[in-house]
Amino acid sequence: MTLRITWAEAGARRLERQFLATSGAGPGTAPGRASDTALADVVSAMCGAHAQVLSAAEVSVGVRTEGVTRADVRAALWEDRSLVKTHGPRGTVHLLPTRDLPLWSAALTAVPSGASPFRPDVRLTEEQARQVVTAIGEALDGTCLTIDELSEEVVARTGPWAGDLVMPAFQGLWPRWRQVTHRAGQSGALCFGPNRGRQVTYTRPPHFTPLPPRDALATLVRRYLHAYGPATPAHFAKWLAAPDGWAGGLFATLAADGEVEEVLFEGASAWVAAGDTAFPDEPVRGVRLLPYFDAYAIAAQPRELLFPGAAYRRALAGGQAGNYPVLLVDGVVSGVWHQRRRGRRMTVTVEPLGRLTARQERELGERAERVGEVLEAAPGLVELVIGEVTTGPHA
């Protein structure tokens, strides 16, 4: 008999596995947070923390942990190197556990790429792309370079064609080679280094041997389903920016091999990892503040249930999750929020899309304080304002 899963059951399990479960307990407690769990374990459970804006990744990790601040996340990146900042799912910048790079590299480079968005005279040939990725890895081995320094090294190792200013960028043109920067990151030739003043630097992560592609893809599917299941192949494809048909074929192969099993999720076919069929009996209660592009808001599906009613219009930008920090109430998006720093003072403004109870408002104050702790605002100088958020996406 096919197992039937409700949205409430799926949400409770997802939040538990994301270290986001909460019972709305009083001050001094941190239900559902990781306390003695290594940061790499937390990021692994999230399937990566989006880090295009590093402070957002710091908050994503920090609100899932007990006592961790942005300094701890940066120490994990730049000192003990248990985390790496590199190109992950969808080609976007993520924090990933360094130990998981053999998995991520093999899986991400096995995902079929779509058609190039560039004109034919701008594109790199496949051979040129391979040359650039090799040159990037060689140039960054054992050192940190700014983007301009790296560009000089790539052109010197390949040819003038790599430096042609033909790639459309934000306010001008970039050299041709930069269109495969994400590919270099996903293959293990490049990752981010610590900033040099205000300048971003790049380096090469520790050398590793990628897993066999089939094993890596199977493991990534199981990890995704463990964190965000039940899910469909289309949900997995959207999270990974992969073709739907390819994802469907991958799931069919894994099902035939007994690595995933079918369930009914809110009455529709979906999948969980084989044998992973235990779900909590109790629904999620309490409030949470999640930053821009938090993994839970990006990966949990279906979005019409995670962003119900007014939340779908207010907290999504053209259907895209992540453009707004979100307020979770009882496991679903129920508002947006924004924080502003002035020195060591911080104001957290929250716009609920419904009425909060007195208990929820008290708990929201605790969550705002926790965001302040993560971002190292002064104790007692975090102000919570419940009102309209007037700033737009990425403010």
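Values in this document were obtained by computation on a predicted structure and should not be read as measured data.

Calculation rules
- Residues numbered from 1 in each chain as written.
- Predicted model: local features only at pLDDT ≥ 70, side-chain atom pairs only at ≥ 80, totals over all residues.
- Heavy atoms only, no water.
- Helix = DSSP H or I, 4+ residues; strand = E, 2+ residues; numbered from the N terminus.
- Rg over C-alpha atoms; globule rule 2.2 N^0.38 Å.
- Buried < 20%, exposed > 50% of the residue type's maximum accessible area, 1.4 Å probe, protein only.
- Areas by Shrake-Rupley, 256 points an atom, 1.4 Å probe, with all protein chains shown as cover.
- Lys, Arg positive; Asp, Glu negative; His and termini not counted.
- Charge placed at Lys NZ, Arg CZ, Asp CG, Glu CD.
- Pairing = 2+ DSSP bridges.
- Salt bridge = Lys/Arg side-chain N within 4 Å of Asp/Glu carboxyl O.

Caption draft 1: Local environment of the overall build of the protein chain. Broken down by element type, the protein chain carries 15 helices and 16 strands. For the protein chain, whose C-alpha radius of gyration is 22 Å, the value lies close to the compact-globule estimate of 21 Å for 395 residues. For the protein chain, the spread of C-alpha atoms along the principal axes amounts to about 65 × 60 × 40 Å. A total of 395 residues make up the protein chain; the buried ones form 53% of that total. Counting every atom, the protein chain has about 17200 Å² of accessible surface; 51% of that belongs to carbon and sulfur. Separation between the mean location of the 41 positive side-chain charges and that of the 42 negative ones in the protein chain comes to 4 Å.

Caption draft 2: Expanded view of the sheet that holds strand β9 (residues 199-203). As summarised here, the arrangement of the 3 strands in space is β5-β9-β8, forming an open sheet in which the pairing is antiparallel. The open sheet terminates on both sides in strands that have one partner only, identified here as β5 (145-146) and β8 (191-196). Two elements, β5 and β9, share 2 bridges in a ladder whose sense is antiparallel. Paired with Leu-145 across the two strands is Tyr-202, which belongs to β9.

Caption draft 3: Expanded view of the pattern of salt bridges. A complete count under the given rule lists 23 salt bridges for this structure. Arg-13 is paired through a salt bridge with Asp-276; the nearest N and O atoms lie 3.3 Å apart. With Arg-13 in helix α1 (residues 7-17) and Asp-276 in the loop between β11 (268-273) and β12 (287-290), this pair connects stretches of sequence that are 263 residues apart. A residue is classified by how much of its surface remains accessible, and Arg-13, at 2% relative accessible area, is buried.

Caption draft 4: How the structure looks around the sheet that holds strand β1 (residues 4-5). Taken in spatial order, the 3 strands make up an open sheet running β1-β10-β11, and their pairing is mixed. Edge positions in the sheet fall to β1 and β11, since each of these pairs with one other strand and no more.

Caption draft 5: How the structure looks around the pairing of strand β13 (residues 326-329). Of the two faces of β13, the one carrying Val-326 and Leu-328 and the one carrying Leu-327 and Val-329 are both buried. Inspection of the sheet shows β12 paired to β13 by 4 bridges, in the antiparallel sense. In the strand pairing of β13, Leu-290 is matched with Val-326. Here β13 pairs with strand β14 (residues 332-342) via 4 bridges, running antiparallel. Along β14, the bridge assignment pairs Val-329 with Val-332. Here β13 hands over to β14 after 2 residues, with Asp-330 in that stretch at a positive phi of 50°.

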